[in-house]
Amino acid sequence: MIRDVLRMGDPRLLRVAKPVEIFDTPVLHALIADMFDTMRALNGAGLAAPQIGVDLRVVIFGFVSSPRYPNAEAVPETILINPQLTPIDDEIEEGWEGCLSVPGLRGVVPRYKRLRYRGFDAAGNVIDRSVDDFHARVVQHECDHLDGILYPMRVRDFTRFGFQEELFPGQALQDD
Ligand code: NI
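Residues numbered from 1 in each chain as written. Predicted model: local features only at pLDDT ≥ 70, side-chain atom pairs only at ≥ 80, totals over all residues. Heavy atoms only, no water.

## Re the layout of surface pockets
By volume, the second largest pocket is sized at about 350 Å³. In terms of lining, the second largest pocket is formed by 16 residues, of which the most central are Leu85, Tyr112, Gln140, Asp144 and Arg154. Listing elements by their share of the lining of the second largest pocket, those giving two or more residues are β3 (75-87), β5 (105-112) and α2 (133-146). Top contributing element to the lining of the second largest pocket by residue count: β3, with four residues. Class assignment for the residues of the lining of the second largest pocket results in eight nonpolar, two polar and six charged. (1 Å grid on protein atoms, 1.4 Å probe; cavity = no way out; pocket = protein on both sides within 12 Å on 5 of 7 lines; lining within 4 Å. Points joined across faces, edges and corners; volume = space filled by probe spheres on them. Helix = DSSP H or I, 4+ residues; strand = E, 2+ residues; numbered from the N terminus. Nonpolar A, V, L, I, M, F, W, Y, C, P; charged D, E, K, R; others polar.)

Below you can see the structure in the form of structure tokens.
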């Protein structure tokens, strides 16, 4: 079921979400199904449970090609629960981001270029990956939602933050 996505300003987006304690339950599987339905309906690259008002440490992400990020490499479809992120080194990379909770806007956000992430899938199996570039960016963006952080809070150069239509005139508009 496609769920409403909360928009920045809703206080539920600012909570520190709670860990999932029991895996492989019908409620957890239904939540994840709704998250995929919602992400796909909006052409998102990822979605965090707090964005649909669910206060749990669950994110999903992944795409073969994203119309919202036409130049990004494919990222495997992933369910990541109770994630832990560890930067592999100190290198920071800047890149454009948008967010389904901040529709119509884009901004340049600094993120770690390489990181290791660990967590669990819906059945409770361990996930442990080392990734870089856009994959690393998406994970950092989605996991920030679990700590009540939206990407505009990380923008440092506000000359590179604004409405997509103004920043990228003439490009096809997406449901951002
Ligand atoms: Ni987001």
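Let's pick the thread back up.
## Some words on the sheet that holds strand β7 (residues 126-132)
Read from one edge of the open sheet, five strands run β1-β2-β3-β6-β7, paired in antiparallel fashion. At either end of the open sheet lies a strand with only one pairing partner, and these are β1 (46-48) and β7. Direction aside, neighbouring strands of the sheet carry axes that sit 35° apart on average. Those strands touched by helix α1 (residues 26-41) are β1, β2 (58-63) and β3, and its axis lies near 40° from that of β2. In the packing of α2 onto the sheet, contacts are made with β1, β2, β3, β6 (114-120) and β7, and the angle to β3 comes to roughly 65°. (Pairing = 2+ DSSP bridges. Axes fitted to C-alpha atoms, helices over the stretch in contact; angles between N-to-C directions. Contact = heavy atoms within 4.5 Å.)

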